[in-house]
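A closer look at the structure
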Amino acid sequence: MDAFYASVELLRYPQLKGLPVVIGGGRRRVDEAIRELPEGATLADIPIEAFPRLKDYTGRGVITTATYPARQFGIGSAMGLMKAAKLCPQALILPVDFDEYRRFSRTFKQVILEVAPLMEDRGVDEVYIDFTDVPGGQRDGGRSLARLIQKAIFDATGLTCSIGVAPNKLIAKMASEFVKPNGISVVYEHDLETRIWPLPCRKVNGIGPKADEKLKRFGIETVGQLAARERGWLIDTFGKATGAWMHEVAWGRDNRPVVTESEPVSMSRETTFERDLHAVRDRAELGAIFTHLCEKLAEDLQRKGYVGKTIGIKLRYDDFKIATRDQTIDRFTDDGKTIRQIGGQCLKRVPLERPLRLLGVRVGALAKAGSPEALAPAGSTRSAEPVATTASLF
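Residues numbered from 1 in each chain as written. Predicted model: local features only at pLDDT ≥ 70, side-chain atom pairs only at ≥ 80, totals over all residues. Heavy atoms only, no water.

1. A short note on the overall build of the protein chain
Looking only at helices and strands, one finds 15 helices and twelve strands in the protein chain. In summary, the protein chain has a C-alpha radius of gyration of 24 Å against a globular reference of 21 Å for 394 residues, a match within 12%. Taking the principal axes of its C-alpha atoms as reference, the protein chain extends roughly 65 × 60 × 45 Å. Taken across its 394 residues, the protein chain has 45% of its residues classed as buried. Sequence-distant contacts, at least 24 apart, represent 67% of the contacts inside the protein chain between residues at least 6 apart. Accessible area for the protein chain stands at about 20500 Å²; split by element, carbon and sulfur atoms hold 52% of it. Averaged over its 58 positive side-chain charges, the protein chain has a centre that lies 4 Å from the centre of its 51 negative ones. (Helix = DSSP H or I, 4+ residues; strand = E, 2+ residues; numbered from the N terminus. Rg over C-alpha atoms; globule rule 2.2 N^0.38 Å. Buried < 20%, exposed > 50% of the residue type's maximum accessible area, 1.4 Å probe, protein only. Contact = heavy atoms within 4.5 Å. Areas by Shrake-Rupley, 256 points an atom, 1.4 Å probe, with all protein chains shown as cover. Lys, Arg positive; Asp, Glu negative; His and termini not counted. Charge placed at Lys NZ, Arg CZ, Asp CG, Glu CD.)

Shown next, in the form of structure tokens:
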């Protein structure tokens, strides 16, 4: 999906189309501009001047996504909002609304399944689709079916997407970035040398910043330069698994199938604070945030039909160090109060003297709700004992 979160917001606020807009900084509660709407007015009637500007933002939030006009200034996902304000102070800023984004995500995926039932879910805004046996899937190299999917998604949601059609998932992922927004790119096996090899190595899904930096130290900046290295040298330099994988992807080889059923290992919710919070001085605020996270995580589990029995927490301190703790209980749960209780016990096992930047909660060891595993009698795993609340907990 093209600039997914931002595009959803532009459906809500069409008057912002064509403007630099960033999404981030905090979750949506009540928009000040909405509260000032005159009776009978719609969200589209809010004047542009009423929206907050990035130059006025103070805090340590990060950008979730940005419109394409904002990206022209060098703004991108995961960038700090204060840094982005220096690049484009006139950009408008909107809070995130994950509930709305998930609703649109479910809608566009259902549209795809009605056209091409072999679909692999890769997150809120991305999927892999197998065209092989879909009627008309091979026509015009897959371009015709891609156009059909684009139109069906737009008709159902008003949103655009970009599609890469290729012999395998590796190249399809890269091709989906070639023409954005609302583009279709078809890449054949014989296009490897002309269309894939000139790309920077970072364009390969799986080559991160550290690996890319190491490759550059050896003078390897493009996929073609990576392909020119011998397999044995890559294995000696990057290890047996990584080196062999690099050799395969540089030559466009990827035999992974489209997986239609993929069970999640865990689910989590977390939030980064606008300012550092302390477990003692800001106990009430932290407690409310933690309770909210646990409740929303429970809703996620219930909506997706999962229960779990390992509950954990994640903290990031003001010095950016991270602490995690988890605890396994003797029964599966999707109950917010239980998650809150066990998560609170985990918090007692981490240092809470330093101010906190981030707080998160996770439920792992998942099983399908109602499955034999989930309904089995409580086993011998360690159960949680009640812990008395102290001043250091929230």
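Continuing now.
2. What about the nonpolar core?
With 36 residues, the main nonpolar core has F4, L16 and I153 as its most contacted residues. Where this core is concerned, the elements lending two or more residues are α1 (4-12), β1 (21-27), β3 (92-96), α5 (98-115), α6 (143-157), β6 (163-165) and β7 (184-186). If near-sequence neighbours (up to four positions away) are discounted, F4 is found in contact with Y101, F104, S105, V124, D125 and L159. Core analysis: the second largest hydrophobic core is formed by 30 residues, L297, Y306, I313 and L359 among them. (Core = buried A, V, L, I, M, F, W, Y, C linked by side-chain atoms within 4.5 Å.)

3. Considering the side chain of T237
Within the element layout of this structure, T237 appears in helix α11 (residues 231-238). Of the residues examined, T237 reaches a relative accessible area of 18% and is grouped as buried.

4. Topic: the packing of α11 against helix α12 (residues 240-250)
Relative orientation of the contacting elements α11 and α12 amounts to 140°, with a least axis distance of 7 Å. Between α11 and α12 lies a crossing whose hand is right-handed. Residues R231, L234, I235 and F238 of α11 touch α12, and the partners they reach there are K240, T242, G243, A244, M246 and H247. The residue inventory of the contact of α11 with α12, partitioned by class, reads five nonpolar, three polar and two charged. (Axes fitted to C-alpha atoms, helices over the stretch in contact; angles between N-to-C directions. Left-handed = near helix turned anticlockwise from the far one by under 90°. Nonpolar A, V, L, I, M, F, W, Y, C, P; charged D, E, K, R; others polar.)

5. What about unusual backbone geometry?
A cis amide bond links K180 with the next residue in sequence, P181, at an omega value of 0°. Along the chain, P181 falls in the loop between α7 (169-175) and β7. Positive phi is not limited to glycine here, since D140 has a value of about 55°. Tracing the backbone through its elements, the reader meets D140 in the loop between β5 (127-129) and α6. Accessibility expressed as a relative area gives 43% for D140, which makes it partly exposed. Positive phi, normally seen in glycine, also occurs at F320, with a value near 75°. Structurally, the position occupied by F320 is in the loop between β9 (306-317) and β10 (322-333). Relative accessible area serves as the criterion here: at 53%, F320 is assigned to the exposed category.

6. Regarding the pairing of β9
Judged by how many residues are buried, β9 sits mostly within the fold: ten of twelve residues are covered. Alignment of β9 against strand β12 (residues 367-368), held across two bridges, turns out to be antiparallel. Counted as the bridge partner of Y306 is K368 from β12. Linkage of β9 to β10, two consecutive antiparallel strands, is achieved through a turn of four residues, within which F320 is found at a positive phi near 75°. Taken together, the eight bridges between β9 and strand β11 (residues 356-364) define a ladder with antiparallel strand orientation. (Pairing = 2+ DSSP bridges.)

Just distances and angles here, no functional claims.
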